[in-house]
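Listed below, chain by chain, are the residues.
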Amino acid sequence: RTAWLTQDGKRLAVRLREPAGARWSVLPAEPLPGAPNPSGQRAMADAKRLALVLDNTTSASVVATLALDAQHGGPMRPMAEFEPLRPLRQWALAQDEPAQVAAPE
């Protein structure tokens with residue numbers, strides 16, 4: 001249940017951990033039928049979309065981990081070595097720690 005995203009020779013692993021019945025699907029990078037498709041958007045024939053498929057599901061908690069592969073400096077380790085997961089609602093910053101968003105490289 002790992003999908004590999006590749007761009008400019010770099011690879012990123014997207015590992016699906018929960019829910020058990022979910023799976024990845026690769027779709028064309030275009031709006032789904034019935035979705036808005038404003039004029040003027042650039043076609044991306046070489047790009048693909050990674051979609052999460054949840055059959056017969058109306059609500060779910062999704063857990064996925066992202067990691068660069070070891071060749072590109074990533075910590076590709078067995079999933080058991082990662083810290084236990086905490087739901088987003090349990091995340092918190094220390095009182096003196098400002099929230100930061102890093103710009104993409």
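These numbers come from a predicted model, not from an experiment.

What follows is about the overall build of the chain. Within the chain, the secondary structure is distributed over zero helices and five strands. Along its sequence from the N terminus, the chain presents helices and strands in the succession β-β-β-β-β. Counting every position in the chain, which comprises 105 residues, the buried fraction comes to 12%. Contacts spanning at least 24 positions in sequence make up 53% of the contacts within the chain whose residues lie at least 6 apart.

The description of two aromatic rings rests on the distance between their centres and on the angle between their planes. This structure, assessed with the given rule, holds zero aromatic pairs. The ring of Trp-4 carries the charged tip of Arg-11 above its face, separated from the ring centre by 3.9 Å.

Further remarks concern the sheet that holds strand β1 (residues 2-7). Read from one edge of the open sheet, three strands run β1-β2-β5, paired in antiparallel fashion. Taken across any chain shown, the strands that pair with only one partner, and hence form the sheet edges, are β1 and β5 (63-68). Within this sheet the neighbouring strands show an average axis-to-axis angle of 20°, counted without direction. Looking at chain direction, β1 and strand β2 (residues 10-18) are connected through six bridges and run antiparallel. In the strand pairing of β2, Thr-6 is matched with Arg-11.

Here β1 hands over to β2 after two residues, with Asp-8 in that stretch at a positive phi of 50°. Of the pairings in the sheet, the one linking β2 to β5 comprises six bridges and is antiparallel in character. By the bridge assignment, Ala-13 is partnered in β5 with Ala-67.

Another aspect to go through is the pattern of salt bridges. Two side chains that carry opposite charge are able to pair once their charged atoms sit near each other. One pass over the full model with this rule turns up one salt bridge. Close ionic contact of Arg-23 with Asp-55 constitutes a salt bridge, the shortest N to O distance being 2.7 Å. Of this pair, Arg-23 sits in strand β3 (residues 23-28) while Asp-55 sits in the loop between β4 (48-53) and β5, placing them 32 residues apart in sequence. Looking at Asp-55, the relative accessible area reads 45%, which means it is partly exposed.

Relative to the helices and strands, Val-53 is located in strand β4. Counting along the chain gives 28 residues from Val-53 to Ser-25, while the straight-line C-alpha distance between them is 6.6 Å. Look past the residues within four positions of Val-53 in its chain and what remains in contact with it is Gly-21, Ala-22, Arg-23 and Ser-25.

Definitions and cut-offs
Residues numbered from 1 in each chain as written. Predicted model: local features only at pLDDT ≥ 70, side-chain atom pairs only at ≥ 80, totals over all residues. Heavy atoms only, no water. Helix = DSSP H or I, 4+ residues; strand = E, 2+ residues; numbered from the N terminus. Buried < 20%, exposed > 50% of the residue type's maximum accessible area, 1.4 Å probe, protein only. Contact = heavy atoms within 4.5 Å. Phe/Tyr/Trp six-rings, centres within 6.5 Å; stacked < 30°, edge-to-face > 60°. Lys NZ or Arg CZ within 6 Å of the ring centre and 35° of its normal. Pairing = 2+ DSSP bridges. Axes fitted to C-alpha atoms, helices over the stretch in contact; angles between N-to-C directions. Salt bridge = Lys/Arg side-chain N within 4 Å of Asp/Glu carboxyl O.

In short, geometric facts, not functional conclusions.
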